Amino acid sequence: MGLVVQKFGGTSVGSAERILHVAERVMEEKNRGNDVVVVVSAMGKTTDSLVTLANEINPKPSKREMDVLLSTGEQITISLLSMALQAKGVDAISYTGWQAGIETEDVHGNARILNMQTEKVQKQIQDGKVVIVAGFQGVTEAGDITTLGRGGSDTTAVAIAAALKADKCDIYTDVTGVFTTDPRFVKNARKLLAISYDEMLELANLGAGVLHPRAVEYAKNYQVPLVVRSSMEQEEGTIIEEEVSMEQNLVVRGVAFEDNITSVTVFGLKNPLTSLSTIFTTLASHHINVDIIIQSLTNDQLTNLSFSIKDSDLEETLKVLEENKSVLGYDKVTSEQGLAKVSIVGSGMISNPGVAADMFKVLSAEEIVIKMVSTSEIKVSTVIEKENMVKAVETLHDAFELSKIPVNA
């Protein structure tokens, strides 16, 4: 007998019929002789509906009250799933995040888990019950409800699996596993049998939406075996673990992409030694995430600095830079929107030099202009015009032979 944590996303629990189907999947695992803890998201578009409702009441609601409101979505799901299991003769009990002992930092809207008090959950497991926990939420030391931000239910599931030393954590979603790229955009995308934590973390950070980066990071830190699989189809998923064999000897194992990227350029920094640290410290204090960074020196010994951000952060970024112009000491700021980031990822790059050059050659042949570049041991990212994003992804996917992985491999 082992312990399995199962996580079901909003699509998987989007209706009464689907909740009943999830109950069947939970029963299957229980009937194999395993103890089961289930983490669920809010039903379908419940969270979006709650956000819309809040904005109708108050266009600028406080983050604390938004967390109180949004946490109710998962509470609906846990109670309904518990009822569904009980109706099938399975002893089940539902817990909110705070009832389950999930303690977070005092940050509303995007809190991090600090500690797990698992005694209550463990007691119910020992009594033979299926424990259903609301994802996406926790509680501060002072007793305030918090939410964990986008992908928070994934993080909840992995954190619980780590705390309980579960044998594995199954992430059930609306796809059958982790693909070489998004199959909604590239018809020749292929499912991977396995992928390493590091590769998955890069893909998740670079736009692959199948798993949240924080969940993957948690899994890597605590060595939690993850499996991404379909909630609707009986099919083997993708295993995410520390080391995997080279599938089809692929140097590149995935192509990730995201749009809504903006490039910001700060001209004429007079003291780059202090200005660079001040700029990024200031932006970080306003929770603005800066990605690719390029620095250049002018003939006048001044520094120009370019960096990429999300489109949604542009207004706040320009405001912060303007408010601190006298301290930073720059001449002007410009921005360019309508951009996208396309990246290739693969641990095989470590031992295969020239992959970045191959990528640039492929994009050049398609007359796709590269505006910014960032590299690491296992990834190369480029910022290009948004209108060329899908063409770039398709071309790179073919060029690195990802389409040649057998469909049923």
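Residues numbered from 1 in each chain as written. Predicted model: local features only at pLDDT ≥ 70, side-chain atom pairs only at ≥ 80, totals over all residues. Heavy atoms only, no water.

Turning to the overall build of the protein chain, a few remarks are in order. Per the secondary structure count, the protein chain includes 12 helices and 18 strands. Here the C-alpha radius of gyration of the protein chain, 23 Å, is about what a compact globule of 409 residues would show, namely 22 Å. Judged by the C-alpha coordinates and their principal axes, the protein chain covers about 75 × 50 × 35 Å. Scored against the burial criterion, the 409 residues of the protein chain give a buried share of 51%. Of the contacts formed within the protein chain by residues at least 6 apart in sequence, a portion of 74% connects residues at least 24 apart. Per element, the accessible surface of the protein chain, about 19,000 Å² overall, is 49% carbon and sulfur. Averaging the positions of the 37 positive and the 55 negative side-chain charges in the protein chain gives two centres separated by 2 Å. (Helix = DSSP H or I, 4+ residues; strand = E, 2+ residues; numbered from the N terminus. Rg over C-alpha atoms; globule rule 2.2 N^0.38 Å. Buried < 20%, exposed > 50% of the residue type's maximum accessible area, 1.4 Å probe, protein only. Contact = heavy atoms within 4.5 Å. Areas by Shrake-Rupley, 256 points an atom, 1.4 Å probe, with all protein chains shown as cover. Lys, Arg positive; Asp, Glu negative; His and termini not counted. Charge placed at Lys NZ, Arg CZ, Asp CG, Glu CD.)

The subject of this paragraph is the environment of E316. Note that E316 resides in helix α9 (residues 314-323). Separated by 268 residues in sequence, E316 and D48 place their C-alpha atoms 23 Å apart. Not counting chain neighbours up to four residues away, the residues in contact with E316 comprise H286 and I288.

In the contact formed by helix α1 (residues 16-31) and helix α3 (residues 63-87), the axes pass within 9 Å of each other and the chain directions differ by 60 degrees. Here α3 runs oblique to α1, going by the angle between their axes. Crossing handedness for the pair α1 and α3: right-handed. Of the residues in α3, those in contact with I19, L20, V22, A23, V26 and M27 of α1 are L80, L81, A84 and L85. Tallied by class, the residues present in the contact of α1 with α3 amount to 10 nonpolar, no polar and no charged. (Axes fitted to C-alpha atoms, helices over the stretch in contact; angles between N-to-C directions. Parallel < 35°, antiparallel > 145°, perpendicular 65-115°, else oblique. Left-handed = near helix turned anticlockwise from the far one by under 90°. Nonpolar A, V, L, I, M, F, W, Y, C, P; charged D, E, K, R; others polar.)

The tally for this structure, following the rule as stated, stands at one cavity of 30 Å³ or more. Of the residues assigned to the lining of the largest cavity, the class counts are seven nonpolar, one polar and no charged. (1 Å grid on protein atoms, 1.4 Å probe; cavity = no way out; pocket = protein on both sides within 12 Å on 5 of 7 lines; lining within 4 Å. Points joined across faces, edges and corners; volume = space filled by probe spheres on them.)

Attention now goes to the pattern of salt bridges. A side chain of one charge can pair with a side chain of the opposite charge when the charged atoms of the two come close. Applying the stated criterion to the full structure yields 22 salt bridges. R64 is the partner of D144 in a salt bridge, and the nearest nitrogen-oxygen pair spans 3.0 Å. Residue D144 is found in the loop between β7 (137-139) and β8 (145-147), and its partner R64 is found in helix α3; the two are separated by 80 residues along the sequence. Overall, the relative accessible area of 36% leaves R64 in the partly exposed class. Between K404 and E401 there is a salt bridge; the shortest N-O distance is 3.3 Å. Given the relative accessible area of 42%, E401 is considered partly exposed. (Salt bridge = Lys/Arg side-chain N within 4 Å of Asp/Glu carboxyl O.)

The strands making up a sheet associate through hydrogen bonds between their backbones, and the pairing can be parallel or antiparallel. In spatial order, the strands read β14-β15-β13-β16-β18-β17; together these six strands make up an open sheet with antiparallel pairing. The outermost strands of the open sheet, each flanked by one partner alone, are β14 (293-297) and β17 (372-376). Between one strand axis and the next, the sheet turns by 25 degrees as a mean value, whatever way the strands run. As defined by bridge partners, strand β16 (residues 332-345) adjoins strand β18 (residues 379-385) across seven bridges and the pair is classed as antiparallel. (Pairing = 2+ DSSP bridges.)

The next thing to look at is the packing of aromatic side chains. Throughout the structure, instances matching the rule amount to four aromatic pairs. Considering the side-chain rings of F8 and Y172, the 4.5 Å spacing of their centres and the 10 degrees angle between planes classify their relative orientation as stacked. Taken together, the residues span a long stretch of sequence, with F8 in strand β1 (residues 3-8) and Y172 in strand β9 (residues 168-173) at a distance of 164 residues. Overall, the relative accessible area of 0% leaves F8 in the buried class. For Y172, a relative accessible area of 3% corresponds to the buried category. (Phe/Tyr/Trp six-rings, centres within 6.5 Å; stacked < 30°, edge-to-face > 60°.)

All we've got here are geometric facts, nothing functional implied.
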